[in-house]
Amino acid sequence: MECCSTFFIITMFFNGGIIPTYLVVKDLHLMNSMWAVILPGAMDAFLIIIAKTFFEELPEELREAAAIDGARNLRYLWSVVLPLSKPIIAVLVLFAVVRQWNGFFDALIYLSDGEKFPLQLVLRNILIQSQPSGNMLMDIDNMLAKQRVTELIKFGVIIVSAVPLLALYPFLQRYFVKGVMVGSVKG
C-alpha cells in the first residue's frame, strides 16, 4: 500500500499542466459544458489520502465482530463503515465544495457560454468591468467617486461569494471537527 501512497503524493507535486489538461478536455468533447469544470478536479489526491488514512484506522475488531454476526462485505460496509464514516464524508464534501466554489480558472478556460459561468467567474467579470479606466481624463472628484463605487462593489462581491459557504458550514461543523480530529490520537 505504500507504493500507492507514493503515486498519489507524486501527483500532488507533479501534474500534467494546463496545456495537456486542456487538450484532454477538448479531445473528450467536454468544452463549454459543466463537466469540463467538474471532472478534471473530481479526483483529488489530497482527499484520497485523507480518506485512505481514515479507513485504515478503522479497528479490525469491527470487521471480525460483523463477520461473527454473519455480515458479509456489503452488509459490513452499509451497517458499520458508512455510519462511522459520516465525519470523514462531511470533511471530504466540505473540502471539495470549497475547492469548486472558489475555483474560477477552469471555467475561464473551458467555458465560453456566459450562461454556464459559475458565480465566481460572473463576480470576477463584474469586478473587471467596474474598474475605472486609467486612460480617461476626468476630474479628481469624479475619479475618487468611481474608486469608492469600485471598492463597494469589491466588498459586495466578497460577501456574495462567501455567504453560501457560511450558510453550509454550521450544518457540517460537528462532522467537520470530528473528521479532522480522526486519527490524531491513537488509543
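Figured I'd write up the structure that's included with this text. Residue indices follow the written sequence of each chain, beginning from 1 at its first position. In view of the model being predicted, local features appear only for residues whose pLDDT reaches at least 70, and side-chain atom pairs are presented and counted only at 80 or more, with totals across whole chains, interfaces and linings using the full set of residues. In computing side-chain properties, one takes all heavy atoms of the structure into account and sets aside hydrogens as well as water.

**What about the packing of aromatic side chains?**
1) Next: Pairing of aromatic rings covers Phe, Tyr and the six-membered ring of Trp, with a centre-to-centre limit of 6.5 Å; geometry is then stacked below 30 degrees between planes, edge-to-face above 60, and tilted otherwise. As enumerated under the stated definition, the model contains three aromatic pairs in all.
2) Next: Ring centres of Y22 and Y110 lie 6.1 Å apart, and the angle between their planes is 15°; this geometry places the pair in the stacked category. Of the two residues, Y22 is situated in helix α2 (residues 18-27) and Y110 in helix α8 (residues 105-110); the sequence distance between them amounts to 88 residues.
3) Next: You can call Y22 partly exposed: its relative accessible area is 29%.
4) Next: Three exposure classes are used, based on accessible area relative to the maximum for each residue type with a 1.4 Å probe and protein chains only: buried under 20%, partly exposed in between, and exposed over 50%. Residue class for Y110 comes out buried when judged on its relative accessible area of 4%.
5) Next: Arranged with centres 6.2 Å apart and planes meeting at 35°, the rings of F46 and F95 form a pair that is tilted. In this pair, F46 sits in helix α4 (residues 45-56) while F95 sits in helix α7 (residues 86-102), placing the two residues 49 residues apart along the sequence. Segments assigned H or I by DSSP are reported as helices when at least four residues long, segments assigned E as strands when at least two residues long, and all are numbered from the N terminus.

**Describing unusual backbone geometry**
Residues other than glycine predominantly adopt negative phi, and peptide bonds predominantly adopt the trans conformation.
1) Next: In this model, H29 sits at a positive phi of 60°, which is unusual for a non-glycine residue.
2) Next: With respect to the helices and strands, the residue H29 is situated in the loop between α2 and α3 (34-38).
3) Next: Positive phi is not limited to glycine here, since N32 has a value of about 60°.
4) Next: With respect to the helices and strands, the residue N32 is situated in the loop between α2 and α3.
5) Next: The class of N32 is partly exposed, set by a relative accessible area of 23%.

**Focus: the layout of surface pockets**
1) Next: One number sums up the size of the largest pocket: a volume of about 710 Å³.
2) Next: What lines the largest pocket is a set of 26 residues, and nearest its centre among them are N15, T21, P40, G41 and R99.
3) Next: Looking at the lining of the largest pocket, the elements with two or more residues in it are α1 (2-13), α2, α7 and α8.
4) Next: Under the scheme applied, nonpolar residues are Ala, Val, Leu, Ile, Met, Phe, Trp, Tyr, Cys and Pro; charged residues are Asp, Glu, Lys and Arg; polar residues are all the others, including Gly. Along the lines of polarity and charge, the residues of the lining of the largest pocket split into 15 nonpolar, eight polar and three charged. Computed over the protein atoms alone on a 1 Å grid, cavities are sets of points where a 1.4 Å probe fits but cannot get out and pockets are open sets with protein on both sides within 12 Å along at least five of seven lines; a residue lines them when it has an atom within 4 Å of a point. Grid points are joined across faces, edges and corners, and a volume is the space filled by probe spheres set on the points.

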